[in-house]
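A closer look at the structure
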Amino acid sequence: MSSVRVLVLSGNGTNCERETAFACKSAGADVVDVAPIWDVVAGDKRLGDYQFLCLPGGFMDGDDLGSAKACANRIHYTPIVGTRVKLWDELLAFVDSGKLVLGICNGFQLLVKLGLLPRLDGGFPKQVASLTFNDSGRFENRWVELGCDPKSPCVFTRGIESLPVPVRHGEGKFVVADKEVLSRLESAHLVPVRYIDPDTRKATQSYPANPNGSVDGVAGICDPSGRVFGLMPHPECYLTKYDHPRWRRTPEPSEEGRGLKLFHNAIEWLKAS
Amino acid sequence: MAHRIVVGLVDGIKDAPGDNIKKRISSELGIEVDRVRIREVYTIDAGLSREQLEMLAGSVLIDPVIQHAGIDSALGGDFDYLVEVGLRPGVTDNVGRTAQESIELATGKTFAPGEAVYTSRQYLLSGGLSREQVEKMTSELLYNRLIQQAVVLDAEAYCRSDGVAVSVPKVTSVGRPEVETVSLELSDQALTALSRDRVWALSLDEMHAIREHYRRSDISLSREQFGLPKDPTDVELEVLAQTWSEHCKHKIFNAEINYRENQDQPKTIVSLFDTYIRGATQVVRARKGEKDICLSVFRDNAGVVRFNRDWSLVFKVETHNSPSALDPYGGALTGIVGVNRDPFGTGQGARLIFNTDVFCFASPFRKEPVPAGLLHPRRVLEGVRMGVEHGGNKSGIPTINGSVVFDERYLGKPLVYCGTAGLLPATIHNRPGHEKKAVAGDRIFMVGGRIGKDGIHGATFSSEELHEGSPATAVQIGDPITQKRMTDFLLQARDEDLYHCITDNGAGGLSSSVGEMACDTGGCNLDLTQAPLKYAGLAPWEILLSEAQERMTLAVAADRAERFIELAGRYQVEATDLGCFDDSGWFQVSDHGRIVALLQMEFLHEGLPRMRLEARWQESHISGIPDEPLHHGDLLAAMLGRLNICSKEYWVRQYDHEVQAGSVLKPLVGARDDGPSDAAVFRPLLDSPEAVAVSHGICPRYSDLDTYHMAACAVDEAVRNAVCVGADPDEMAGLDNFCWCDPIESEKNPDGAFKLGQLVRANQGLYDVCVAYGIPCISGKDSMKNDAVIEGVRISIPPTLLFSLVGKVPHVERSISMDFKKPGHLIYVLGTTRAHLGASEYYQQVGAAGGLVPQVRPQENLDLYRALHRAIQAGCIASCHDCSDGGLGVCVAESAFSGDLGARLELNRAPKENLTRDDFLLYSETPGRMVVSLEPDKAQEFEKIMSGLPVAAVGRVTQERNLTILGLSGKIIIDESIDRLKSAWMKPLDL
């Protein structure tokens, strides 16, 4: 069994790095480093030294050019100090070396805007989807229920049927460049998590169960390998039973929060591979 | 030449922000618009090639899946009118800064000084609109003339000119203005005029004290030796005015007051602060002995208390009222990111863990016209809400507690209280985390944002009433991302032991931060030559006083400076060496090789003469009893719909209250996550079950009867709320924020002495209850001029005290929410209800004057709170909710509908004194009361813990979704569906 090393990339307005790192650690990662992107730019931290890259939630660059857009620019154009290699080259090499990437909220927006999700053809990444303003036109913090696709290749959602989690975003509505993208996502089961109606347990378009109006209830998507996954809700905010808003009313199945399961899956997969 | 890139959404993508504006135009202005679309404009004033611009418009500045862009030409589309809103020169442009960073990276071109990106926003309006209507929505909704500029074009003019003309809001100025020498050898009249004209807000006594100082021969001699004129420089006078401002020196709270109550003999109070606030804390700490949790009170930017052996808790609440009145969005945003820097700059630097916000507004549904110079309360409310949303959410700090209070008198000035807590290691590098000290020889570093004219005279401005000509420079726009980068960097610098001392640049800017830190060493030599400016043309005094945001000042040992600068560079944070701290006894400032200020440290900090004020207070008696209500069910629904009682979910949802994964009792609770929590419980350490409760109390209505009880009730409410959720009443710390109307009597302010008398009474109330409960105050702030004088009419806020509180929750498992949990649970009322209806929500609802103001009985309440805490610790309690605005009636209704359950209660059984009317029993606001529910098999244990206390079982939680209340006569007086009650409560502020 190999040792699992995780890098949680922070800076410029990320704000969930601590709990994301804690989730990785709790799920059994051997080493979890939280490092500002500037340490990678400086060459002090190298993505290649890790097996699992977490892009945590936050408000990188204040959503100023649209969520995660300025960070996508930063990744595309910033060279690693003393080299001709761009951050982008290092990130792409990491993804293509068969490792795991998880983007949560702002991190998911970044993966989509970089074209790393869904990357349907596996070729050079091109942006074919986006996350835009919630239909409500507002930032909202509320708990929603996710239903998982058991046929999805996603490494992270294996064995999970459904999951209550909070959303906390203003730009979480998933849209696609054209209908074909959506049908290919569906046919390849690249939508591991959808917003569902808590009563019917079916994917829903109705507010607030679907908090942002995402097409087809899409809450997150993965690439065809299932190793790169991003979602708008925050599983790292459900670390213990006490994080659930209604633990005082309905007994929780375990002390451990159900959001941690995604991280367990990732670490177990890495330990097994 | 500057170029414009205009970015719009492609067809088929919903323009949700545009739809929101459309909705607001309709609801706030009553104008119906068919469609509003929004476009973003980047005006790039930098030498870029056509190819570079095309790359920006094709990828860097747009999201190609949902947006398209045009360069320097009209981007088609159907509309009738276009309104473009941009910033005035010098106003912080956060999006412009981010765009510039992206452009520089993508093009590989570093912008030259003076080159920049400016952003503006276009609103494309469709529907049969008149120009007049468009201009109304522009001035009343889309822009604020103080900080923005707007262009209105109809479609024809827009096509004719092929879009909006390029305009670059660049600050233009020449050279650096000179330093001026100002003689104070003037008549009293001229001195007064000088102070007023220069916005120094110094009194004649204070001007005299300064003049006397400069007349001293030893001072003249020193000045001569340093090559300075005998008369003061403008830099020195500005620094003195700022350091001696009400905002910084709390002159009113430290004044000698001649106080007369009713017909009693007058008495002298030397410093309200020392007597009542610090005084109460001293008594409490001495009595607590080893159980005292205070670590640092009243001396740092925020108070510090012990959380556990390894961690300390830092807490501060500030107000940002005047700027929020002028620009609600910018004022509130700056308020929250500004108060963030207080705990951040406390001790050796604390990591920020939560925010709490309390707002006071006039009704957003006001129909009468608003006086000139004031904004409509609806606009104030929405701007403040959004400012705090952006400030809190973008900083990654959960907003977990707060409230919104409505009273028509907040029309003149809204109150915007912003609070932040931080977590500080108990020990850092073998020193107590809450201690810090600059050392002579340390370098003075300024870190973070650049200096501009923003906020100059903010400290003195906030010490004045609002008037029509209030300066726009008082308004700033905060930049949470620049601040986040700075705090990320500084926490790393702290952990690497790179500095000795840290403080924030808030009111008074460098003058204040460096001036205060120089007290550690006994002097400083500050050099402004290298000070990073946003634009040229600032005079030395402006650089010193600028309140430009996102800046901290640090004392860095000379041998750590290199690493400090290197680390700052890595985090893309600007850090500038501005001289050194020394033990010379002088606050010395130089600029480009010449000394521009030389102030004796002792005079700067101790030379202010104590203010002498008159205060009197006269008890008043108003009587009047309302008729009995016709229908109790309708009355309850109406009470639930009152602005001060109804749901604030609209706010809470838009604030991230869960980031950092510590919110174990959220602001919204219950079966459907929409019940109103009494307080929040936050678990700051992910690997520990220990938690902190944060709550507050605020009762400005009671000020109309007696500010003593207003203050006493505010303290009680904060304590009660925290106890309800599981905090230990013996491990709490409080924080006072007084917002008052001008308490200095003058011709313009004829009842100033009474307002000061009210302040004295409030301090006495605070003292008595804090001492009785054993709650130390650890920090606080006052804001004394919350008046607006418009066209000769004075609008004064009701005297308002916000009492904020943190309390230890030993284990999250024992934290309690307010919603009823299960049918069959027993309902108890804790605490005696008395006829406390004066200034109650009920009396306001029915328009009744008079009545007895709610009064705290501290010992009775404390016994009850301690017993309740024991019952919570014993696991007896399923729900607990406090009775506050709207009393028992509102309390049980909220617990029922939040739990999605009904309840049946017999009022007769509730502990009470001298009450014979059902409406009085239901809506009296006697403090010290709670409603709890529990499993029947816990009843015996609970009743044993509560024995001897005013506690009674009054009913049961029911499956049936009705709230059924039997009145004193034993007959059913209320039998209402909880859905009806909930809907009455949810609706009013669902904006």
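The rules we used
Residues numbered from 1 in each chain as written. Chains lettered and ligands numbered in written order. Predicted model: local features only at pLDDT ≥ 70, side-chain atom pairs only at ≥ 80, totals over all residues. Helix = DSSP H or I, 4+ residues; strand = E, 2+ residues; numbered from the N terminus. Rg over C-alpha atoms; globule rule 2.2 N^0.38 Å. Buried ≥ 20, exposed ≤ 12 C-beta atoms within 10 Å, placed from the backbone. Contact = placed C-beta atoms within 7 Å. Nonpolar A, V, L, I, M, F, W, Y, C, P; charged D, E, K, R; others polar. Pairing = 2+ DSSP bridges. Axes fitted to C-alpha atoms, helices over the stretch in contact; angles between N-to-C directions. Left-handed = near helix turned anticlockwise from the far one by under 90°. Expected span 1.5 Å × (residues − 1).

Another aspect to go through is the overall build of chain A. A count of helices and strands for chain A gives seven helices and eleven strands. For 273 residues, the compact-globule estimate of 2.2 N^0.38 gives 19 Å, and the C-alpha radius of gyration of chain A, at 17 Å, lies within 12% of that figure. Dimensions along the principal axes, computed over C-alpha positions, put chain A at roughly 55 × 40 × 35 Å. Of all 273 residues assigned to chain A, the portion counted as buried reaches 59%.

Take the overall build of chain B next. On a plain count of helices and strands, chain B comes out with 30 helices and 41 strands. Here the C-alpha atoms of chain B give a radius of gyration of 29 Å, agreeing with the 30 Å that 2.2 N^0.38 yields for 991 residues. The principal-axis extent of the C-alpha atoms belonging to chain B is close to 85 × 75 × 60 Å. A total of 991 residues make up chain B; the buried ones form 58% of that total. A fraction of 82% describes how many contacts in chain B between residues 6 or more apart in sequence connect residues 24 or more apart.

With that settled, consider the interface of chain A and chain B. Listed per partner, the contact involves 53 residues of chain A and 51 residues of chain B. Listed by contribution, the elements that provide at least two residues to the side of chain A that touches chain B are helix 1 (17-26), helix 3 (69-77), strand 5 (129-132), strand 6 (140-148) and strand 7 (162-169) of chain A. Residues belonging to the side of chain A that touches chain B are distributed by class as follows: 21 nonpolar, 16 polar and 16 charged.

All names here are of chain B. Strands sit in the order 18-20-17-21-19-22-23 across an open sheet of seven strands; the sheet is mixed. In this open sheet, the two strands that pair with only one neighbour each are strand 18 (501-504) and strand 23 (594-600). Going from strand to strand, the sheet's axes swing by 25° on average, the running direction of each strand aside. Two strands pair when backbone bridges link them, and strand 22 (residues 586-591) and strand 23 are joined in this way by six bridges, in the antiparallel orientation. In the strand pairing of strand 23, Phe-587 is matched with Leu-599. Its contacts with the sheet place helix 16 (residues 480-495) against strand 17 (443-448) and strand 20 (551-556), and it is angled at close to 135° to strand 17.

So, on to the packing of helix 23 (residues 707-725) of chain B against helix 24 (residues 752-773) of chain B. All names here are of chain B. Axis separation between helix 23 and helix 24 bottoms out at 6 Å; the angle between their running directions is 35°. In the packing of helix 23 onto helix 24, the handedness of the crossing is right-handed. From helix 23, Thr-707, Tyr-708, His-709, Met-710, Ala-711, Ala-712, Val-715, Asp-716 and Val-719 reach across to helix 24, where they touch Gln-758, Arg-761, Ala-762, Gln-764, Gly-765, Leu-766, Asp-768, Val-769, Cys-770 and Tyr-773. Residue classes in the contact of helix 23 with helix 24 are distributed as eleven nonpolar, five polar and three charged.

Moving on: helix 13 (residues 328-344) of chain B. One full turn of an α-helix is made of 3.6 residues, so residues set three or four places apart face in the same direction. For helix 13 of chain B, which comprises 17 residues, the first-to-last C-alpha distance of 24 Å matches the rise-based estimate of 24 Å (1.5 Å per residue) to within 8%. Of all the 17 residues making up helix 13 of chain B, 17 are buried; the element is thus mostly covered by neighbouring parts of the structure.

All names here are of chain A. With respect to the helices and strands, the residue Cys-54 is situated in strand 3 (residues 52-55). Between the C-alpha atoms of Cys-54 and Leu-9, which are 45 residues apart in sequence, the distance is 6.4 Å. Discounting chain neighbours no more than four positions away, the residues touching Cys-54 are Val-6, Val-8, Thr-20, Cys-24 and Leu-102.

In this section: the pairing of strand 29 (residues 691-698) of chain B. Residues and elements named next belong to chain B. When you tally the buried positions in strand 29, you get eight out of eight residues, the bulk of the element. Burial along strand 29 is two-sided: the residues Ala-691, Ala-693, Ser-695 and Gly-697 and Val-692, Val-694, His-696 and Ile-698 are all buried. Judged from the three bridges that link them, strand 28 (residues 680-682) and strand 29 form a sheet pairing that is antiparallel. From the neighbouring strand, Phe-682 faces strand 29, where its bridge partner is Val-692. Bridge count for strand 29 against strand 34 (residues 800-809) is eight bridges, and the pairing is antiparallel. In the sheet register, His-696 faces strand 34, and the bridge partner there is Ser-804.

As a further point, take the sheet that holds strand 24 (residues 612-617) of chain B. All names here are of chain B. The three strands lie next to each other as 8-7-24, forming an open sheet whose pairing is mixed. With one partner strand each, in any of the chains shown, strand 8 (267-270) and strand 24 form the two edges of the open sheet. Across the sheet, the mean angle separating the axes of adjacent strands is 25° when strand polarity is ignored. Bridge count between strand 7 (residues 256-261) and strand 8: four bridges; the pairing is antiparallel. Each residue of the ladder has a partner; that of Asn-258, found in strand 8, is Thr-268. The strands touched by helix 24 within the sheet are strand 7, strand 8 and strand 24, with strand 24 carrying the most contacts at an inclination of about 80°.

Residues and elements named next belong to chain B. Closest axis-to-axis distance for the helix 13/helix 14 (residues 377-395) pair is 7 Å, and the angle between their directions is 35°. In this structure, helix 13 crosses over helix 14, and the sense of that crossing is right-handed. Residue-level contacts link Pro-328, Tyr-329, Gly-330, Gly-331, Ala-332, Leu-333, Ile-336, Val-337 and Asn-340 of helix 13 to Arg-379, Val-380, Gly-383, Val-384, Met-386, Gly-387, Val-388, His-390, Gly-391, Gly-392 and Ser-395 of helix 14. The residue makeup of the contact of helix 13 with helix 14, split by class, is ten nonpolar, nine polar and one charged.

With that out of the way, let us pick up unusual backbone geometry. Residues Leu-117 of chain A and Pro-118 of chain A are joined by a peptide bond in cis, for which omega reads -5°. Mapped onto the elements, Pro-118 of chain A comes out in the loop between helix 5 (106-113) and strand 5. Note that the residue after Tyr-207 of chain A, namely Pro-208 of chain A, is joined by a cis bond; omega there is 5°. Along the chain, Pro-208 of chain A turns up in the loop between strand 9 (193-195) and strand 10 (218-222). Unusually for a residue other than glycine, Glu-550 of chain B sits at a positive phi of about 60°. Position of Glu-550 of chain B relative to the elements: it lies in the loop between helix 18 (540-545) and strand 20. Positive phi outside glycine occurs at Glu-791 of chain B, with the angle close to 50°. Its 9 C-beta neighbours within 10 Å are what place Glu-791 of chain B among the exposed residues.

Another aspect to go through is the environment of Val-144 of chain A. All names here are of chain A. Mapped onto the fold, Val-144 is located in strand 6. Looking at Val-144, the number of C-beta atoms within 10 Å reads 22, which means it is buried. Leave out the neighbours within four places in its chain, and Val-144 touches Val-165, Val-167, Tyr-195, Ala-209, Pro-211 and Pro-233.

This part takes up the environment of Asn-393 of chain B. Relative to the elements of secondary structure, Asn-393 of chain B occurs in helix 14. For Asn-393 of chain B, a count of 29 C-beta atoms within 10 Å translates into the label buried. Note: C-alpha distance between Asn-393 of chain B and Asn-355 of chain B (38 residues apart in sequence) is 10.0 Å. If sequence neighbours within four positions are ignored, Asn-393 of chain B has contacts with Phe-59 and Phe-139 of chain A together with Tyr-655 and Asp-656 of chain B.

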